[in-house]
Amino acid sequence: MLKRLIPHPLLSLTLVFVWLGLVNKFTLGNLLLGGLFGIIIPMLTAPYWPDRPKISRPLKVLEYGFVVLWDIVVANIQVAAIILFKREENIQSHWIVVPLELTSAEAITVLAGTITMTPGTVSATLAADGGSILVHCLHTDDVDAVRDEIKTRYERRLKEIFQ
């Protein structure tokens, strides 16, 4: 019965927090409305998720979230420094191919979203076979270091979470 009422508990919890963040005011009414959204939306969309991803290490999700938040803060400062202090001719933008070991579509989607949310990088396209992702980097002197950082900071953690 509970599985039918809350088919995706993590999604339900996420929806509650997103709703509270959107209304930007914590009240009992907002919490109840967020809870209602957290129950109704997953119930309505459950048929479209027949092979929902299995999260093998849920605490790693929390760790991943903190790593991503930290990287977003640091990247904001780095991008601001590039914009304010680098001359245009000194900015070295690069396209970087990042080979993927991830096989789960959800994990690859989270990786692409993470790259795009981090200022200074954007995921542009996924190879047709899902074996690599093309990333544009605003400025780097070392393409290999950026690729390796994506693989060690994000992909490694996502493999632990999803596989």
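Residues numbered from 1 in each chain as written. Predicted model: local features only at pLDDT ≥ 70, side-chain atom pairs only at ≥ 80, totals over all residues. Heavy atoms only, no water.

Caption draft 1: Just the domain arrangement of the protein, in detail. One can read the domain layout of the protein as domain 1 (2–48) and domain 2 (58–162). Computed over C-alpha atoms, the centres of domain 1 and domain 2 are 29 Å apart. (Domains from an automatic or database assignment.)

Caption draft 2: Local environment of the nonpolar core. Grouped together as the largest cluster of nonpolar side chains are 22 residues, with contacts concentrated most on Val98, Leu111, Ile150, Tyr154 and Leu158. Among the elements that make up this core, the one with the highest residue count is helix α6 (residues 143–162) (six residues). With near-sequence residues (within four places) excluded, Tyr154 lies in contact with Tyr64, Val67, Val68, Asp71, Leu111, Thr114, Thr118 and Glu149. (Core = buried A, V, L, I, M, F, W, Y, C linked by side-chain atoms within 4.5 Å. Buried < 20%, exposed > 50% of the residue type's maximum accessible area, 1.4 Å probe, protein only. Helix = DSSP H or I, 4+ residues; strand = E, 2+ residues; numbered from the N terminus. Contact = heavy atoms within 4.5 Å.)

Caption draft 3: Geometry of the sheet that holds strand β3 (residues 132–137). Spatially, β1-β3-β2 is the arrangement adopted by the three strands of the open sheet, whose pairing is antiparallel. Strands at the two margins of the open sheet, each flanked by one partner only, are β1 (94–99) and β2 (121–126). Here the average twist between neighbouring strands, direction ignored, is 30 degrees. Across six bridges, β1 lies against β3 in antiparallel orientation. Paired with His94 across the strands is Cys137, a residue of β3. Along the sheet, α6 makes contact with β1 and β3, crossing β1 at roughly 45 degrees. (Pairing = 2+ DSSP bridges. Axes fitted to C-alpha atoms, helices over the stretch in contact; angles between N-to-C directions.)

Caption draft 4: Molecular detail of unusual backbone geometry. Phi at Asn24 is positive, roughly 60 degrees, even though this residue is not glycine. Mapped onto the elements, Asn24 comes out in the loop between α2 (9–23) and α3 (28–45).

Caption draft 5: Looking closely at the pattern of salt bridges. Taken as a whole, this structure holds eleven salt bridges when the rule is applied. Note that Glu160 and Lys60 form a salt bridge whose closest N and O atoms lie 3.2 Å from each other. Taken together, the residues Glu160 in helix α6 and Lys60 in helix α4 (residues 58–85) connect sequence positions 100 residues apart. Its relative accessible area of 18% is what places Lys60 among the buried residues. (Salt bridge = Lys/Arg side-chain N within 4 Å of Asp/Glu carboxyl O.)

Caption draft 6: The arrangement of the side chain of His139 in detail. With respect to the secondary-structure elements, His139 resides in the loop between β3 and α6. In terms of polar contacts, His139 uses its side chain to reach the backbone amide nitrogen of Gln92, at 3.0 Å. Leaving out residues up to four positions away in the same chain, His139 has contacts with Ile82, Lys86, Asn90, Ile91 and Gln92. (Polar contact = N/O pair within 3.5 Å; in protein donor to acceptor, adjacent residues only side chain to side chain.)

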